[in-house]
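Inside the fold
Listed below are the residues making up each chain.
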Amino acid sequence: MSLMRLAYASEATFEAKPVEKGVEPHVARILMTSRKNNARGKLVGGLYYGNNRFFQYLEGDEDEVRKTYDRILQDDRHRNVVTLIEEPVADRTFSNWSMKYVPLSRDVQRFLESQGLQRFEPASFTSAQCEQMIELIRNSSHDQKLVNHDEARTVRETPQAFSPGLKAGLIVAGLCLLGALFFAGSML
Ligand code: FAD
């Protein structure tokens, strides 16, 4: 099974709506579908959205990357797709993320400033700038503060079996029960 990596830039066709829970709603829907499909296809990578532009990086089995990219190319939520990187790769360099989302964060802002770029225009990135963007995605995947809309919701909506307080209470109750059993046993 051969692995490949792919990066592209595109322009969103939708009018950006106010951000909900850290993510533009159209992007949140794209992310939800991507997470579902990419996890199934064992694809990893990341998506940047800012200045109404996308930068996406995908890595995985060549067939899966190509199939996914074909679907992405057909999507009318963006246009002017420019392929920036499309090449074989020896190993996976991302782990545990089916599709990392990074909003136009302070890191990206700093990167743009360091490159003397006024705006996020990934279609005109040089290959070195692409690599730096990919590195930002890679690093941000360790930063739990950058979790996106659906991850944040998953975390909040996942019912916690026991709250810390309840856990402590159960431990105390268990100890009391043990003590009582001990005491009752010693009385016999
Ligand atoms: P479906 O079940 O067909 O659709 C999933 C959801 O998306 C549905 O709610 C549907 O209403 C909505 N939807 C689909 N197409 C449109 C549309 N044109 N306009 C509005 N809503 C729509 N897909 C991936 O699998 N992996 C990716 O990494 C990925 N990255 C993307 C990045 C960008 C910038 C964009 C624009 C799209 C991306 N997509 C990605 C989505 C992809 O283009 C396809 O829409 C998706 O793969 C179809 O998968 P599906 O058949 O499982 O989803």
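What counts, and where the lines are drawn
- Residues numbered from 1 in each chain as written.
- Predicted model: local features only at pLDDT ≥ 70, side-chain atom pairs only at ≥ 80, totals over all residues.
- Axes fitted to C-alpha atoms, helices over the stretch in contact; angles between N-to-C directions.
- Helix = DSSP H or I, 4+ residues; strand = E, 2+ residues; numbered from the N terminus.
- Parallel < 35°, antiparallel > 145°, perpendicular 65-115°, else oblique.
- Left-handed = near helix turned anticlockwise from the far one by under 90°.
- Contact = placed C-beta atoms within 7 Å.
- Near = placed C-beta within 6 Å.
- Nonpolar A, V, L, I, M, F, W, Y, C, P; charged D, E, K, R; others polar.

Here we take up the packing of helix H3 (residues 106–114) against helix H4 (residues 127–140). Packing of H3 against H4 leaves a shortest axis separation of 11 Å and a crossing angle of 160°. Classed by the angle they form, the pair H3 and H4 counts as roughly antiparallel. Crossing geometry of H3 relative to H4 is assigned as right-handed. Here Asp107, Val108 and Phe111 of H3 come into contact with H4, specifically with Gln132, Leu136 and Ser140.

This paragraph deals with the site of the ligand. Contacts to the ligand come from 18 residues, most closely from Thr33, Ser34, Asn37, Asp75 and Arg77. For the shell around the ligand, the secondary-structure elements that each account for two or more residues are helix H1 (25–40), strand E3 (53–61) and helix H2 (62–74). Per element, the largest residue contribution to the shell around the ligand is 6 residues, and it comes from H1. Taken together, the residues that form the shell around the ligand break down as 5 nonpolar, 8 polar and 5 charged.

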